[in-house]
Amino acid sequence: MAIGSDNAAFPFATTSPRFCNPISHRRIFSDVAEDVTVSVDGQSFLLHKFPLVSRCGRVRKMLVDSKDPDLLKLELVNVPGGAFAFELAAKFCYGSNFEITTANVAHLRCIAEYLEMTEDYQVENLIFRTETYLNEIVLKNLDKSLEVLCKCDGLDPIVEEVGLVDRCVDAIAMNASKEQLVSGLAHLECNVGSGKLHTHPQDWWIEDLSALRIDHYRRVIAAMRRNGVRPESIGTSITHYAQISLKGVERRHVWDSGPFVGDDQRMIVETLIDLLATENITTVTLSFLFGMLRMAIEVDASLDCRIEVEKRIGLQLEMASLDDLLIPSTQTSDSMFDVDTVHRILVNFLQRIDEDDSGELSPCGYDSDGMKSPSHSSILKVGRLMDGYLAEIAPDPYLKLQKFMALIELLPDYARIVDDGLYRAIDIYLKAHPSLTESECKKLCKLIDCQKLSGDASSHAAQNDRLPIQMVVRVLYFEQLRLKTSFSGGCGGDGGVSQRFMCSSSGVPSSCVSPQRDNYASLRRENRELKLEISRMRVRLTELEREQGLMKQQGIRGGDGRHGEVNGRAFLASLSRGFGRITMFGGPEKGRRKKSSRSSQGSEAKNNPNRRRQHKASFAYD
């Protein structure tokens, strides 16, 4: 028999055995009565004993063990390939003419093993024929090996026992490696002018691998890694496999409940994520990692898989976008967004930053190389990203204060040069959660560094009736400090941040925040001066609170509610004038009058809601 091509056929011309069902029995030969009825998966084949016994060791043993020479029926159980494979084997026993192809060779090899069609019973038996076809045609070709491997589904466990899966897997990996090498050499171009090398690989097999079931696909990828296939090609293959195999998984909403997907999708997600870890695939994109994370949440994958993806995202979090972080929550009793997942990703990012920073950090929180280190640039990007994320999740009425504050506290102080974004997010949260107690508002607002608010943000905060009075006082204090610095001729003409957080025109913090040793003395002196003036302000606040108490008592005695409102306004006006009398703010008189006027306007707006609505804040959330 010639089997040098895919169309090799058996050169037998006898009548083919025909399939017979229990209702209509048709004989193999019209002139010879059948000897035995073979039942396979509930279907009957009317056959003759001699052709089967001459080639099938299992059938011979069954007839011998039965000790009944007139046995008329045999029942075969757990037949690999079922009735289809048995019919092909019966044709071979009868010498029928049919072809061995990539579509049936796997079934023929397994049924031949099941029926024990070895050389002990007949020369060039079915096992020999199928093995010859596999070795000479299938395993030398990547495309044919892929097709045969796809046909191995449903043939377990015999297909594993004969080693057909392993041989196909190794053949695919070896041929892919060879094709990449040959393709790379064939398409290697040398630009004589520039001396650059250009490669144009054609990995056509990437799409074909998506037809494999997930356990076979995993073995193929592992074999490719061992054979040196490019990591970029493997990463592209994993991405394509995920897109094809998980296409039908729909998004689950927060209000949905009950079972969502079966074990197949969960197994695919967990296997692909495990492949990224075990094979150390680092060439996949960040958007793909976020997609796999969302899919792992949707299919309720194991916690280890989710943690693995979160770690990989944390390694490159500075490259993420705001839309990537807005992961919907699948818990009905929780917030609309999966805040816990983002929290873990941020923890992984900070751990990476700690590992990257080999030297000790300066008192200001920067490494000894200054502000141009890659880790500091990354953490500034993540700081801006997290401020945007906080502003997006803040309107969620189900978001708990503890989770919101935990995200804010996780980032170090030096992750934000200015706190405008943080102030905006906190103000949105306060507006969306009016039921917060006064103590909760104080705890939340303490996370804002008033020294790092720009002029517009400070103006908005000074007139924001949602903020505790203590924060308004701090904002006014640092606003006065900024004015004093501006009028005294120091840096800060932009009024954006305080002197300790000034930035150069390039956006990189200037040398006044540099952790170099020669600047430590000036920073310590400034800190001592600030502490002294804060102490003076506290004394003045105590006096003003005492005056407020006296005014309230006078209002109660007078019994006039309107008189009490006037006294309250007088207190805030007195508080504003008190800031102007502090010696540290002894700038030009014009500046003091301007600041006092603005402070009194802000105080009046806080006590009069109608006037508050009429007065538009200059700080825009956009």
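Throughout this document, residue positions are counted from 1 along each chain, in the order its sequence is written. Thresholds applied to this predicted model are a pLDDT of at least 70 for local features of residues and 80 or more for the giving and counting of side-chain atom pairs; totals over whole chains, interfaces and linings are not thresholded and use all residues. Side-chain numbers come from the whole structure's heavy atoms, not from hydrogens or water.

(A) Expanded view of the packing of aromatic side chains. Only Phe, Tyr and Trp rings take part, Trp by its six-membered ring, and two of them pair if their centres are within 6.5 Å. Stacked means planes under 30 degrees apart, edge-to-face means over 60, and tilted covers everything else. This model, assessed by the stated rule, comprises four aromatic pairs. With centroids separated by 4.8 Å and ring planes inclined at 70 degrees, the aromatic side chains of Tyr 477 and Phe 478 adopt a geometry described as edge-to-face. The cut-offs for exposure are 20% and 50% of the maximum accessible area for each residue type, with area from a 1.4 Å probe on protein chains only; residues under the lower value are buried, those over the upper are exposed, and the others partly exposed. Given the relative accessible area of 2%, Tyr 477 is considered buried. Classification of Phe 478 by relative accessible area gives buried; the value is 13%. The criterion for a charge sitting over a ring is simple: Lys NZ or Arg CZ within 6 Å of the ring centre, and within 35 degrees of the ring normal. Directly above the ring of Tyr 114 sits Arg 58, whose terminal nitrogen or CZ lies 4.0 Å from the centroid.

(B) Broad picture of a negative patch on the surface. A cluster of acidic side chains, namely Asp 143, Glu 147, Glu 179, Glu 207 and Asp 208, defines a negative patch on the protein surface. Structurally, Asp 208 can be placed in helix 9 (residues 205-208). Patch building starts from residues that exceed 30% relative accessible area and form no salt bridge, then joins like charges within 9 Å and nonpolar side chains (Val, Leu, Ile, Met, Phe, Trp, Tyr) within 5 Å. Residue-level accessible areas treat just the shown protein chains as cover; the underlying method is Shrake-Rupley with a 1.4 Å probe. Put simply, a salt bridge is a Lys or Arg side-chain nitrogen that is within 4 Å of an Asp or Glu carboxyl oxygen. For this count, His and the chain ends are skipped, Lys and Arg are scored as positive, and Asp and Glu as negative. By convention, the charge on Lys lies at NZ, on Arg at CZ, on Asp at CG and on Glu at CD. Secondary structure elements are defined from DSSP: runs of H or I of at least 4 residues count as helices, runs of E of at least 2 residues count as strands, and each element is numbered from the N terminus.

(C) Up close: the environment of Gly 291. Here Gly 291 shows up in helix 13 (residues 286-298). Sequence spacing of Gly 291 and Ile 327 is 36 residues, and the spatial spacing of their C-alpha atoms is 9.8 Å.

(D) Quick look at the pattern of salt bridges. This structure, assessed with the given rule, holds 20 salt bridges. Of the charged contacts, one joins Arg 129 and Glu 124 as a salt bridge, the two residues approaching to 3.4 Å between their closest N and O atoms. Overall, Arg 129 belongs to the buried group, its relative accessible area being 8%. Through salt bridges that share partners, Arg 109, Glu 113, Glu 131 and Arg 167 make up one connected network.

(E) Up close: the pairing of strand 2 (residues 43-47). Counting buried residues in strand 2 gives four out of five residues, a clear majority hidden from the surface. The pairing of strand 1 (residues 36-40) with strand 2 spans five bridges and is classified as antiparallel. Paired with Ser 39 across the two strands is Ser 44, which belongs to strand 2. The loop that links strand 1 with its antiparallel partner strand 2 comprises two residues; one of these, Asp 41, has a positive phi angle of about 55 degrees. Pairs of strands are assigned from DSSP output, requiring at least two bridges between the strands.

(F) Representation of the sheet that holds strand 3 (residues 73-76) in the model. The strand order across the open sheet built from three strands is 2-1-3, with neighbouring strands paired in mixed fashion. In this open sheet, the two strands that pair with only one neighbour each are strand 2 and strand 3. Along the sheet, successive strands turn relative to each other by an average axial angle of 25 degrees, direction set aside. Here helix 3 (residues 82-93) sits on the sheet and contacts strand 1, strand 2 and strand 3; the angle it forms with strand 2, its principal contact strand, is near 10 degrees. Every axis in this analysis is a line fitted to C-alpha atoms, fitted for helices over the stretch in contact. Angles between the N-to-C directions lie between 0 and 180 degrees. In this analysis, two residues are considered to be in contact whenever any of their non-hydrogen atoms come within 4.5 Å of each other.

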